[in-house]
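Coordinates in review
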Amino acid sequence: VTGVQTCALPICFPVTIFRQLLMMERPDAILHFTDPRYWIWLYEIEHEIRQSVPLFFYHIWDDLPDPKYNRDYYESCDWIGCISKQTYGITKRVWGLKDKQRWKQPENWQISYVPHGIDPKIYTPCVVPDDFKRSLFGDKDYEFVLFWNNRNIRRKQPIETILAFDQFRKSLPKDKQDKVCYLMHTEPIDENGTDLVTVKNHLAPDSNIIFTGGRCSDQQVGWLYNLADVTINVASNEGFGLATAESVMAGTPIIVNVTGGLQDQCGFRDNTGKLLTAEDYVSIGSVHKKDWKDKLWWGEWVTPIWPVRSAVGSVPTPYIFDDRIDWEDIVPKIEHWYYMSREERKEKGKDIS
């Protein structure tokens, strides 16, 4: 779309300044995104805003049960774009709830499935420069590289992946154990997560685990995916999962938890071979229950892991499922990819039809 101007506003943006911007800039629409609880001040004046400007919301929600506590936010918007099929189904059901006090239902055009975009010029199969490879691995030539690209926070389950990689390494013949590597693109110490250096030193002292840390350019991140043989994301809550989507675009296979938006990256089809659509998720809800495992097909580029669900909550978010993975379930998924040739892995990674 041409002629679009954006303005990033802080969470506690003063309402008076916002009103001045509306008068000065006269926008055609206001688009906000992420958890609606970050935009309480905006919703408090939505009746004022929508008299002259429509309010759009680019929405993402991690998990079931349906967040009925979000309904007031949904009804305060004129249009909601949903980043995942699961989010689309949730929004349709919650916004469309019928009761005597709320008789008006959203029009079909007011809820759309708008998945995350990936730049195919950056995240694409390519040859990685030797100097970049040496900066990570030195003179070591690993036969298998598992890759993790996430922030070091609890819901991403980084400890579980380290335990799984170490167990996988121990299962290999002695002469192969030093030829596998776990590359983790993250800050190894984060107050919102843990001290991964200590985790590695205490729980996986003999494993080759490399932390990149710091920032990389988009091009360098694309090279990291191309260096890897498999990318893993087993977060217990994940609205979309950008890293594994980028990995697939770069032709590198993925291991994912069947939760949230990660489901979109699996290419799930029903037993007739039909690809599950956003509309299907209105009735399905989610396929994160283990009994879906025998009802679905999935793409050659992915090995999914079905979680164990538990319910958690807080005052602002009273209930939500936490889809946790048993780290021992990850080990055979890594082995699945290890016992292929690198050429075969890359071919399967490219098969995203």
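Refer to the preceding data block for the structure.
First, a word on what this report is: a plain description of the structure on this page. Since the structure is predicted, the reported quantities are computational estimates derived from the model, not experimental observations. (Residues numbered from 1 in each chain as written. Predicted model: local features only at pLDDT ≥ 70, side-chain atom pairs only at ≥ 80, totals over all residues. Heavy atoms only, no water.)

The subject of this paragraph is the sheet that holds strand β10 (residues 302-305). Strand order across the open sheet formed by six strands is β7-β6-β5-β8-β9-β10, with parallel pairing between neighbours. Of all the strands in the sheet, just β7 (209-211) and β10 have a single pairing partner and so form its edges. The sheet shows a mean angle of 20 degrees between the axes of neighbouring strands, taken without regard to direction. Pairing analysis gives four bridges linking strand β9 (residues 254-257) to β10, with the strands arranged parallel. In the sheet register, Ile 254 faces β10, and the bridge partner there is Val 302. Together, β5 (144-149), β6 (180-185) and β7 form the strand contacts of helix α6 (residues 130-137), whose direction differs from that of β6 by roughly 95 degrees. Across the face of the sheet, helix α9 (residues 218-227) comes into contact with β5, β6 and β8 (230-233) while running at roughly 140 degrees to β5. (Pairing = 2+ DSSP bridges. Helix = DSSP H or I, 4+ residues; strand = E, 2+ residues; numbered from the N terminus. Axes fitted to C-alpha atoms, helices over the stretch in contact; angles between N-to-C directions. Contact = heavy atoms within 4.5 Å.)

So, about the packing of helix α7 (residues 158-170) against helix α8 (residues 196-203). α8 packs onto α7 with a crossing angle of 30 degrees between their chain directions and a minimal axis gap of 11 Å. Considering their axes alone, α7 and α8 lie roughly parallel with respect to each other. In this structure, α7 meets α8 at a crossing whose hand is right-handed. Residues Pro 158, Ile 159, Ile 162, Leu 163 and Asp 166 of α7 form the contact with α8, whose participating residues are Leu 196, Val 199 and Leu 203. When its residues are assigned to classes, the contact of α7 with α8 shows seven nonpolar, no polar and one charged. (Parallel < 35°, antiparallel > 145°, perpendicular 65-115°, else oblique. Left-handed = near helix turned anticlockwise from the far one by under 90°. Nonpolar A, V, L, I, M, F, W, Y, C, P; charged D, E, K, R; others polar.)

Right, let's get into empty space enclosed by the protein. According to the stated counting rule, one finds one cavity of 30 Å³ or more in the structure shown. Size it by volume and the largest cavity reaches roughly 40 Å³. Contributing to the lining of the largest cavity are Lys 85, Gln 263, Asp 264, Gly 267, Phe 268, Leu 276 and Tyr 281. Partitioned by chemical class, the residues of the lining of the largest cavity number three nonpolar, two polar and two charged. (1 Å grid on protein atoms, 1.4 Å probe; cavity = no way out; pocket = protein on both sides within 12 Å on 5 of 7 lines; lining within 4 Å. Points joined across faces, edges and corners; volume = space filled by probe spheres on them.)

In this structure the tally under the stated criterion is 19 aromatic pairs. Their ring planes at 50 degrees and their centres at 5.9 Å tell us that Phe 165 and Phe 168 sit as a pair that is tilted. One end of the pair, Phe 165, and the other, Phe 168, are both in helix α7, three residues apart, so they sit about a helical turn from each other. As far as the burial class goes, Phe 165 and Phe 168 line up, both buried. Each residue in the set Phe 144, Phe 165, Phe 168, Tyr 182, Tyr 338 and Tyr 339 is aromatic and connected to the rest through ring pairs, giving one cluster. Sitting over the ring of Phe 321, Arg 309 keeps its end group 5.1 Å from the ring centre. (Phe/Tyr/Trp six-rings, centres within 6.5 Å; stacked < 30°, edge-to-face > 60°. Buried < 20%, exposed > 50% of the residue type's maximum accessible area, 1.4 Å probe, protein only. Lys NZ or Arg CZ within 6 Å of the ring centre and 35° of its normal.)

Another aspect to go through is helix α10 (residues 242-249). With six of its eight residues buried, α10 lies for the most part within the structure. Its buried side turned inward, α10 meets β5, α9, β8, β9 and α13 (342-350). Within two residues after α10, Gly 251 carries a phi angle of roughly 85 degrees, on the positive side.

Our next topic: the pattern of salt bridges. Evaluation of the coordinates by the stated rule reveals 22 salt bridges. One salt bridge connects Arg 71 with Glu 75, and the closest N-O pair in it is separated by 3.3 Å. Of this pair, Arg 71 and Glu 75 both sit in helix α4 (residues 71-75), four residues apart, which is roughly one turn of the helix. For Glu 75, a relative accessible area of 25% gives the class partly exposed. One network of salt bridges, in which partners are shared, links Glu 46, Arg 50 and Asp 78. (Salt bridge = Lys/Arg side-chain N within 4 Å of Asp/Glu carboxyl O.)

What follows deals with the side chain of Thr 259. Structurally, Thr 259 is set in the loop between β9 and α11 (280-284). Taking relative accessible area as the criterion, Thr 259 reaches 0% and is therefore assigned buried. A distance of 2.6 Å separates a polar atom in the side chain of Thr 259 from a polar atom in the side chain of Asp 323. Residues in contact with Thr 259, not counting those within four places in the same chain, are Asp 62, Asp 63, Ala 235, Ser 236, Glu 238 and Asp 323. (Polar contact = N/O pair within 3.5 Å; in protein donor to acceptor, adjacent residues only side chain to side chain.)

So, on to unusual backbone geometry. Excluding glycine, residues mostly have negative phi values, and the peptide bonds linking residues are mostly trans. Of note, the amide linkage connecting Leu 64 to Pro 65 takes the cis form, showing an omega dihedral of -10 degrees. Structurally, Pro 65 is set in the loop between β2 (55-59) and α4. Its identity as a non-glycine residue notwithstanding, Arg 26 has a phi of 50 degrees, on the positive side. By the secondary structure assignment, Arg 26 is in the loop between α1 (15-25) and β1 (30-33). With relative accessibility at 67%, the residue Arg 26 sits in the exposed group. One non-glycine residue, Gln 157, lies in the positive phi region at around 55 degrees. Here Gln 157 lies in the loop between β5 and α7. Residue class for Gln 157 comes out buried when judged on its relative accessible area of 0%.

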